[in-house]
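Given next are the chains, with one letter for each unit.
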Amino acid sequence: NSEVPDAKNLRVKLVLLGDSGVGKSCIVLRFVRGQFDPTSKVTVGASFLSQTIALQDSTTVKFEIWDTAGQERYAALAPLYYRGAGVAVIVYDITSPESFAKAQYWVKELQKHGSPGIVMALVGNKADLQEKREVQVQDGIDCAEKNGMFFIETSAKTADNINQLFEEIAKRLPRPSS
Ligand code: GDP
Ligand code: MG
């Protein structure tokens, strides 16, 4: 049964954290459905999507992606959301320094309370809005390096680096010993 996780077929819970409006839902929809809907409204209720990717070493990784309607804003609810997550994708908007500050808050929060060995990625989204950029690439690199995270800038609008984001996460997942 290909649904059963083993050393070659991994399955992992992935959560997205970050300010409302940074593009978390759009990143998920771009990755899972290959779509970008600029008119989409704020996510209503928590949603759950899954997507499987194959790596070059023929490993497959099934991401079980939890998107929220912003419940993570309520500090007391956040741990319920990221409990058991093997991956945390912390997203900010490169045009918003406030969202970058919030991302740094989430990094600390996950380091303190996330599952041991959680793989964390820092994502600067809306990279298509270069003329409105207020967070420099180097700031993202520095923050990620300091915290031992993977860093990438993406655009859910143009699809730039979206697949790369999930591939790089997949490569960094701990492999169960068989
Ligand atoms: P969430 O609250 O973090 O889930 O954010 P959403 O995914 O709902 O996106 C918020 C807004 O940002 C929407 O109006 C999107 O169309 C827009 N958006 C999301 N990703 C991008 C992107 O990569 N580039 C641009 N220009 N806009 C984006
Ligand atoms: Mg959303």
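The structure we're discussing is the one just above.
What comes next is a walk through the structure. Owing to the predicted nature of the structure, the values given are computational and were not obtained by experimental measurement. (Residues numbered from 1 in each chain as written. Chains lettered and ligands numbered in written order. Predicted model: local features only at pLDDT ≥ 70, side-chain atom pairs only at ≥ 80, totals over all residues. Heavy atoms only, no water.)

Here the focus is helix H5 (residues 162-172). Every buried residue belonging to H5 is among Ile162, Leu165, Phe166, Ile169 and Ala170, and all of these are buried. An end-on view of H5 places all buried positions within 130 degrees of arc, on one side of the element. (Buried < 20%, exposed > 50% of the residue type's maximum accessible area, 1.4 Å probe, protein only. Helix = DSSP H or I, 4+ residues; strand = E, 2+ residues; numbered from the N terminus. Arc of directions from axis to C-beta.)

Glancing now at the pairing of strand S1 (residues 9-17). Of all the nine residues making up S1, seven are buried; the element is thus mostly covered by neighbouring parts of the structure. Here S1 pairs with strand S3 (residues 60-67) via seven bridges, running parallel. When the bridges of S3 are listed, Leu10 appears paired with Val61. Where S1 lies against strand S4 (residues 87-93), four bridges are found, and the strand directions are parallel. If you follow Leu17 over to S4, its bridge partner there is Ile90. (Pairing = 2+ DSSP bridges.)

One finds Phe63, Leu122 and Leu165 to be the most contacted residues of the largest nonpolar core, which totals 54 residues. Once residues within four sequence positions are removed from consideration, Leu122 is found in contact with Ile90, Tyr92, Phe100, Ala103, Gly140, Cys143, Ala144, Met149, Phe150, Phe151 and Ile152. (Core = buried A, V, L, I, M, F, W, Y, C linked by side-chain atoms within 4.5 Å. Contact = heavy atoms within 4.5 Å.)

Applying the stated criterion to the full structure yields six salt bridges. Linking Asp19 and Lys102 is a salt bridge whose minimum nitrogen-to-oxygen distance equals 3.9 Å. Of this pair, Asp19 sits in the loop between S1 and helix H1 (24-33) while Lys102 sits in helix H3 (residues 97-113), placing them 83 residues apart in sequence. For Asp19, a relative accessible area of 22% puts it in the partly exposed group. Look at Lys102 and you get partly exposed, because its relative accessible area is 25%. Glu168 is paired through a salt bridge with Arg172; the nearest N and O atoms lie 2.7 Å apart. (Salt bridge = Lys/Arg side-chain N within 4 Å of Asp/Glu carboxyl O.)

Below, the discussion takes up the site of ligand 1. The full set close to ligand 1 counts 17 residues, and Gly21, Lys24, Cys26, Asp128 and Ala156 are the nearest of them. Here an oxygen atom of ligand 1 sits 3.0 Å away from a polar atom, N or O, in the main chain of Ser25. The separation between an oxygen atom of ligand 1 and a polar main-chain atom of Lys157 is 3.3 Å. About the coverage of ligand 1: the protein hides 84% of its 590 Å² of free accessible area. The element that contributes the greatest number of residues to the shell around ligand 1 is H1, accounting for three residues. Among the residues making up the shell around ligand 1, the classes are represented as six nonpolar, six polar and five charged. (Near = heavy atom within 4 Å. Polar contact = N/O pair within 3.5 Å; in protein donor to acceptor, adjacent residues only side chain to side chain. Areas by Shrake-Rupley, 256 points an atom, 1.4 Å probe, with all protein chains shown as cover. Nonpolar A, V, L, I, M, F, W, Y, C, P; charged D, E, K, R; others polar.)

This next bit is on the packing of H1 against H5. Packing of H1 against H5 leaves a shortest axis separation of 9 Å and a crossing angle of 85 degrees. Regarding the angle of H1 to H5, the classification is roughly perpendicular. Facing H1, whose interface residues are Ile27, Arg30 and Phe31, H5 presents Ile162, Asn163, Leu165 and Phe166. Partitioning the contact of H1 with H5 into residue classes produces five nonpolar, one polar and one charged. (Axes fitted to C-alpha atoms, helices over the stretch in contact; angles between N-to-C directions. Parallel < 35°, antiparallel > 145°, perpendicular 65-115°, else oblique.)

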